[in-house]
Amino acid sequence: MKIGFIGVGNMAKAIIEGLMSKGVEAKNIFIHSAHKSNYEVYSQETGVSACESNSEVIEKSDVVFLAVKPIVVEKVLKEVKDSVLTHDPVLVSVVTGVSVAELEDILGSKDVKIVRTMPNVNVEIGEGMTALHKNDNVSDEDYQLVKELFEKIGKVADIEEKDFSTFVALAGSSPAFVYFFIDSLARSGVKYGLNKQKATQIAAQAVLGSALKVLKSDKTPWELVDDVSSPGGTTVAGLLAMEEAGFMTSIVKGVDATISKDKG
Ligand SMILES: NC(=O)C1=CN([C@@H]2O[C@H](COP(=O)(O)OP(=O)(O)OC[C@H]3O[C@@H](n4cnc5c(N)ncnc54)[C@H](OP(=O)(O)O)[C@@H]3O)[C@@H](O)[C@H]2O)C=CC1
Ligand SMILES: O=C(O)[C@@H]1CCC=N1
């Protein structure tokens, strides 16, 4: 399968590097972005093929990732409209907040094959969490191929399009929330004299182990909280102080703000 990328920023690079680490060969990847200096350097660093235009990416690829910021989607798609209609690739959008219907409208056709997705940056290390939703033109076979690409680099979930905004908060943006939590935990360690690098490793391993425990255990996270909290102990003292400062409320408010922003 030939895989193209329109836009080679943080998200596209995370997908490309994840796929390449799982055996997808550089010779099967085609890229183009706004600045030649950027995509040429990336092509030299990784061996993927640099194309002279977005249309060339489409002409050379079976599956084309649309990985640009929402604000430039309309301009980019209008420019490549003829190539999309002629070559009929499966267009895989990773763009936040742009619906399948909006993509079809911009392209002026309901006959295009579109899979709307919401990955997260952890696809780079094979631990992503990606939502997918296809339009009616994508065959089950083509959808399976796209799904298998994302399964190489993490877990996948089929979701209804109405749930994309919620998914953005829970998985698309949430790596930043978790990095923020890890940094805050590590910084607290620094307050008490630990070196920042060591404190970050300790905090990250505690978060990794806790996430795995949630995934592997039959218990709910809430029950696991109780298991760690010895009567009269340190954990319950810490939890109550965090909650007094609005821990759960701050997370729910963060999710609310993320969803509002996504919905525009
Ligand atoms: N970052 C993340 O964690 C996630 C991002 N997303 C979504 O992915 C999309 C990309 O985000 P992200 O990678 O972070 O953004 P970046 O700003 O890192 O990358 C955007 C890319 O678009 C390219 N670009 C701009 N204009 C054009 C054009 N006319 N033709 C071709 N390429 C163009 C840029 O080119 P150049 O590099 O040459 O300037 C750049 O490579 C967004 O819609 C975002 O919402 C979704 C999930 C997670
Ligand atoms: O911040 C953003 O807009 C994108 C969407 C999901 C992660 N980053």
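Residues numbered from 1 in each chain as written. Chains lettered and ligands numbered in written order. Predicted model: local features only at pLDDT ≥ 70, side-chain atom pairs only at ≥ 80, totals over all residues.

**Q** Help me get a handle on the UniProt feature "binding site: NADP(+)" (unreviewed entry) in the chain, residues and values and all.
**A** Here the UniProt feature "binding site: NADP(+)" (unreviewed entry) sits at I6, G7, V8, G9, N10, M11, A67, V68, K69 and P70. Separation in sequence by 65 residues is not matched in space for these annotated residues, since their most distant C-alpha atoms are only 14.1 Å apart. Tracing the sequence through the fold places G7 in the loop between β1 (3–6) and α1 (10–21). The exposure class assigned to G7 is buried, which follows from the 25 C-beta atoms found within 10 Å. In this structure, G7 is in contact with A12, S33, A67 and V68, ignoring residues within four places of it in sequence. Mapped onto the elements of the fold, V68 is located in the loop between β4 (63–66) and α4 (73–87). In this structure, V68 is in contact with I6, G7, V73, V76 and V95, ignoring residues within four places of it in sequence. (UniProt positions renumbered as here; feature names shortened; annotations may be inferred. Helix = DSSP H or I, 4+ residues; strand = E, 2+ residues; numbered from the N terminus. Buried ≥ 20, exposed ≤ 12 C-beta atoms within 10 Å, placed from the backbone. Contact = placed C-beta atoms within 7 Å.)

**Q** Provide a residue-level description of the sheet that holds strand β6 (residues 113–118), including the pertinent values.
**A** Pairing is mixed across the open sheet formed by eight strands, whose spatial order is β3-β2-β1-β4-β5-β6-β7-β8. Edge positions in the sheet fall to β3 (49–50) and β8 (154–158), since each has one partner strand and no second. Judged from the four bridges that link them, β6 and strand β7 (residues 128–134) form a sheet pairing that is antiparallel. Bridge pairing links T117 to L132 in β7. (Pairing = 2+ DSSP bridges.)

**Q** Explain unusual backbone geometry residue by residue, including any values.
**A** Backbone geometry places D88, a non-glycine residue, at a positive phi of 55°. Here D88 is to be found in the loop between α4 and β5 (90–93).

**Q** Describe the packing of α4 against helix α5 (residues 100–107), naming the residues involved and giving the relevant values.
**A** For any two helices packed against each other, the geometry is given by the interaxial angle and the distance between the axes. Viewed as axis vectors pointing N to C, α4 and α5 meet at an angle of 60°, and their least axial separation amounts to 8 Å. Considered as vectors, α4 and α5 are oriented oblique to each other. For α4 against α5, the interelement crossing comes out right-handed. Counting all contacts with α4, which are made through V73, E74, L77, K78, K81 and V84, the residues of α5 involved are L103, I106 and L107. For the contact of α4 with α5, the per-class residue count stands at six nonpolar, no polar and three charged. (Axes fitted to C-alpha atoms, helices over the stretch in contact; angles between N-to-C directions. Parallel < 35°, antiparallel > 145°, perpendicular 65-115°, else oblique. Left-handed = near helix turned anticlockwise from the far one by under 90°. Nonpolar A, V, L, I, M, F, W, Y, C, P; charged D, E, K, R; others polar.)

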